[in-house]
Amino acid sequence: KKILVVFGTRPEAIKMAPLVKELQKTNEFNTKVCVTAQHREMLDQVLSFFKITPDYDLDLMKANQSLNELSSRILTAIDLVLSEFQPNLVLVHGDTSTSSMVALAAFHKGIKVGHVEAGLRTYNKFAPFPEEINRQITGRIADIHFAPTQQSAQNLLNEKVNEQDIHVTGNTVIDALLWGIKHVNEDREDINEIKQFVDTSKKIIVVTGHRRENFGNKFYEFCNALKQLADRDDVQIIYPVHLNPNVQKAVYDTLGNHKNILLIAPLDYEAFIWLLNQSYLIITDSGGVQEEAPSLKKPVLVTREVTERQEAVLEGTVKLVGTNQEKIIKEAVVLLDNMNAYNTMIGNINPYGDGTAAVQIVNALKSI
Ligand code: UDP
């Protein structure tokens, strides 16, 4: 059986890496890897960390390309790869333009599609935009669905997907994290730069933020909340700032030159998971960070109004706080000052699995 694994962004690469490695361990499949390189540098550092060499590199990143231009270029470029390799199955991940367009191209050619991280939903087509529609398109096309949790499987059942086509496996992000944290090289330049800033007597808050739904005023509110938190003397904030200009402007306008805030470029995955491990608390709108942080026993405040990761909210490993300045501050202060609340949160079990998702997916593929 020939399997083509396709991905294009940083989070997809992180989450597909454990699966690629697991597929390559078995000689039951002829596995090839294709990257669209929807992200370039952010993708390459993940490939290098996990030692994955793509068989096909479509190299499609271009500055300021619209989603439509990117989508049409993905369709055209993947068509040639599908014709050449003629896989029996294409595996895509999550909710990007790469996922939806590659699934569509495979469908047009009569090739089966497997969807990893299937069934996440907000049912709000603008939040997150364009991810919700990307994953719904991919889900409609897919023949096999690897759902991280029962709840995501239930979403698919509600959409009339056949039960036998759904496998609940946990999320491969945990597999990647548990492998990754054991392989961090602490001697990296970026890690040393952070070490020089960190005061170990203080509580480190790690921040990330990049969702399009939060751009504009909401982003300024979020930054103002961070500024107020950084005025406390027992806190240091470390914020790898996403390169999107909407994010950069709000962050540097509001948070530049604060003695308790370190603004840095986005970190390589290796350095980032090291940083997460040093933190006391995480404030983020990232999907992946919400899933991985609880496995390091770190509490997460999520700066979004809606979430497709309800199981984390229900389990209590994350708290949805929106972008209202007062609300963010209030919830952060609870976790900074109330050790009972803090310990309860980090004591909860991560609903996204135990690091065996890739093995479970490969076992399911063997039985098909
Ligand atoms: N991440 C990283 N460097 C950073 C920020 C995040 O490597 O500076 C990793 C993080 O560990 C997680 C993934 O990128 O696994 C999340 O990606 P992102 O927040 O871009 O996307 P989302 O998960 O929201 O789709």
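Residues numbered from 1 in each chain as written. Predicted model: local features only at pLDDT ≥ 70, side-chain atom pairs only at ≥ 80, totals over all residues.

Points about the UniProt feature "domain: UDP-N-acetylglucosamine 2-epimerase" (unreviewed entry) in the protein
Thinking step 1. Taken from the UniProt record, the annotation "domain: UDP-N-acetylglucosamine 2-epimerase" (unreviewed entry) applies to residues 21-366.
Thinking step 2. Helix makes up 48% of residues 21-366 and strand 15%, whereas the separation of the span's terminal C-alpha atoms amounts to 15 Å. (UniProt positions renumbered as here; feature names shortened; annotations may be inferred. Helix = DSSP H or I, 4+ residues; strand = E, 2+ residues; numbered from the N terminus.)

A closer look at unusual backbone geometry
What is expected of a backbone is that most residues other than glycine have negative phi and most peptide bonds are trans.
Thinking step 1. For the bond running from A127 to P128, omega is -5°, close enough to zero to count as cis.
Thinking step 2. With a phi close to 50°, D59 is a non-glycine residue in the positive phi region.
Thinking step 3. You can see D59 is positioned in the loop between β3 (56-57) and α3 (67-85).
Thinking step 4. The backbone phi angle of K297 is positive, close to 60°, even though this residue is not glycine.
Thinking step 5. With respect to the helices, strands and loops of the structure, K297 is situated in the loop between α12 (287-292) and β12 (300-302).

Structural notes on the nonpolar core
Proteins that are soluble and globular tend to have nonpolar side chains buried together.
Thinking step 1. Counting residues in each nonpolar core, the largest one holds 101 residues, and the members touching the most others are V5, V6, V90, V102, I205 and I237.
Thinking step 2. Two domains each donate at least three residues to this core, and these are domain 1 (2-171 + 354-366) and domain 2 (187-347). (Core = buried A, V, L, I, M, F, W, Y, C linked by C-beta atoms within 7 Å. Buried ≥ 20, exposed ≤ 12 C-beta atoms within 10 Å, placed from the backbone. Domains from an automatic or database assignment.)

Comments concerning the site of the ligand
Thinking step 1. Neighbouring the ligand are 17 residues; P240, Y269, F272, S286 and G288 lie closest to it.
Thinking step 2. At 4 residues, α12 tops the list of elements feeding residues into the shell around the ligand.
Thinking step 3. Here the shell around the ligand is built from residues that sort into 10 nonpolar, 5 polar and 2 charged. (Near = placed C-beta within 6 Å. Nonpolar A, V, L, I, M, F, W, Y, C, P; charged D, E, K, R; others polar.)

Digging into the sheet that holds strand β4 (residues 89-93)
Thinking step 1. In space, the 7 strands of this open sheet follow the order β3-β2-β1-β4-β5-β6-β7, with parallel pairing throughout. Across the chains shown, the open sheet's two edge strands, defined by having one partner strand only, are β3 and β7 (166-168).
Thinking step 2. Two elements, strand β5 (residues 112-116) and strand β6 (residues 144-147), share 3 bridges in a ladder whose sense is parallel. Bridge assignment links V116 to a residue of β6, and that residue is F146.
Thinking step 3. The strands touched by helix α4 (residues 97-108) within the sheet are β1 (2-7), β4 and β5, with β4 carrying the most contacts at an inclination of about 165°. (Pairing = 2+ DSSP bridges. Contact = placed C-beta atoms within 7 Å. Axes fitted to C-alpha atoms, helices over the stretch in contact; angles between N-to-C directions.)

Here we look at α3
Along an α-helix, residues three or four positions apart point the same way, because every turn accommodates 3.6 residues.
Thinking step 1. Taking 1.5 Å of rise per residue, the 19 residues of α3 would be expected to cover 27 Å, and the 27 Å separating its terminal C-alpha atoms lies within 8% of that figure.
Thinking step 2. Taken as a whole, α3 has its buried residues at L70, I74, I78, V81 and L82.
Thinking step 3. On the buried face of α3, the contacting elements are β1, β2 (30-35), β3 and α4.
Thinking step 4. Positive phi appears at Q86, one or two residues downstream of α3, with a value of about 50°. (Expected span 1.5 Å × (residues − 1).)

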